[in-house]
Amino acid sequence: MAPVGLVIFDNDGVVVDSELLANEVLAAVLTGEGYPVTADECIRDFMGGSLDGVRSTVEERAGLELPSTFAERYHDRLFEAFSTRLRPVAGITGVLDALEGPYCLASSGTVERINRSLAVTGLGSYFEGRIFSADMVRRAKPAPDLFLHAAAALSVDPSRCVVVEDSPNGVRAGLAAGMKVLGYAALTPAARLGGAHATFGDMGELPGLLRGLDD
Ligand SMILES: [Mg+2]
């Protein structure tokens, strides 16, 4: 391919180690709303998607209507958990320090969630001015909208973008955007990141994979 023009990082599970934490909170809140579910099931069914997607799936499956306070309740508990338990993904700062070309962040989370997660992990300065949220587009992942929006905002052709994702929804979104996708198989087995150009299990492998795409 043409040299990599932009590396687009997913946030949750790729930059901040939030997936287990967030899915524990989501499971507790949904169970409290009358939809009993475990964190593992939330990871399997909802990881990489938006909260609106969770709402519509739950309402469709269970025939119940989640209250209007659902998102607020979830975020309250999530931000509380973030403040004490959120950490950067192991090895991510080394990757960001080693990158020579442009990179940005594109997340299904709200702007507030992204900003809080970066602030408590001390990673905010890496992405300042280059943060894109599902709030900014009509359709969340697995639609390609957010990745295409990020590429357009930074004036890079999608064919020169590489997406780093850890969820099936995110991998699908990257492929639909016409981008190369590298799948970080941490919580999701590599087999479920199908279609990714390559998968890896340790952040230390990422710089080499990116260099390989430049050739
Ligand atoms: Mg993710």
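What counts and what doesn't
Residues numbered from 1 in each chain as written. Predicted model: local features only at pLDDT ≥ 70, side-chain atom pairs only at ≥ 80, totals over all residues. Heavy atoms only, no water. Donors = N, O, S within 2.8 Å, 3.2 Å for Na, K, Ca; no water. Helix = DSSP H or I, 4+ residues; strand = E, 2+ residues; numbered from the N terminus. Buried < 20%, exposed > 50% of the residue type's maximum accessible area, 1.4 Å probe, protein only. Domains from an automatic or database assignment. Contact = heavy atoms within 4.5 Å. Buried area = accessible area lost by both parts, 1.4 Å probe. Salt bridge = Lys/Arg side-chain N within 4 Å of Asp/Glu carboxyl O. Polar contact = N/O pair within 3.5 Å; in protein donor to acceptor, adjacent residues only side chain to side chain. Nonpolar A, V, L, I, M, F, W, Y, C, P; charged D, E, K, R; others polar.

Caption draft 1: Focus on the coordination of the magnesium ion. Those protein atoms acting as donors to the magnesium ion are D10 (OD), D12 (O) and D166 (OD), and they sit at 2.1 to 2.2 Å. Sequence positions of the residues that donate to the magnesium ion give the spacing D-x1-D-x153-D. Within this pair, whereas D10 is found in the loop between β1 (6-9) and α1 (19-32), its partner D166 is found in the loop between β4 (161-165) and α9 (168-176), the two being separated by 156 residues in sequence. The exposure classification of D10 matches that of D166, with both residues buried.

Caption draft 2: Structural view of the domain arrangement of the protein. Here the protein is partitioned into domain 1 (6-17 + 87-214) and domain 2 (19-85). Each of domain 1 and domain 2 was reduced to a C-alpha centroid, and the two centroids are 22 Å apart. Each side of the interface is counted separately: domain 1 has 19 residues, and domain 2 has 18 residues. Carbon and sulfur atoms make up 58% of the area that domain 1 and domain 2 hide from each other, which totals about 1500 Å². By the criterion of area lost to domain 2, the three top residues of domain 1 are R87, R113 and L187, representing 33% of everything that side buries. Here domain 1 is connected to domain 2 by zero salt bridges. Summed over the shared surface of domain 1 and domain 2, the number is four residue pairs in polar contact (both at pLDDT 80 or more). At five residues, helix α6 (residues 111-121) tops the list of elements feeding residues into the side of domain 1 that touches domain 2. Residues of the side of domain 1 that touches domain 2, tallied by class, amount to three nonpolar, seven polar and nine charged.

Caption draft 3: Examining unusual backbone geometry more closely. Of the consecutive residues K141 and P142, the connecting peptide bond is found in the cis state with omega at 15°. Along the chain, the position of P142 falls in the loop between β3 (131-133) and α8 (145-153). Although it is not a glycine, S155 adopts a positive phi angle of roughly 55°. Along the chain, S155 turns up in the loop between α8 and β4. A relative accessible area of 68% places S155 in the exposed class.

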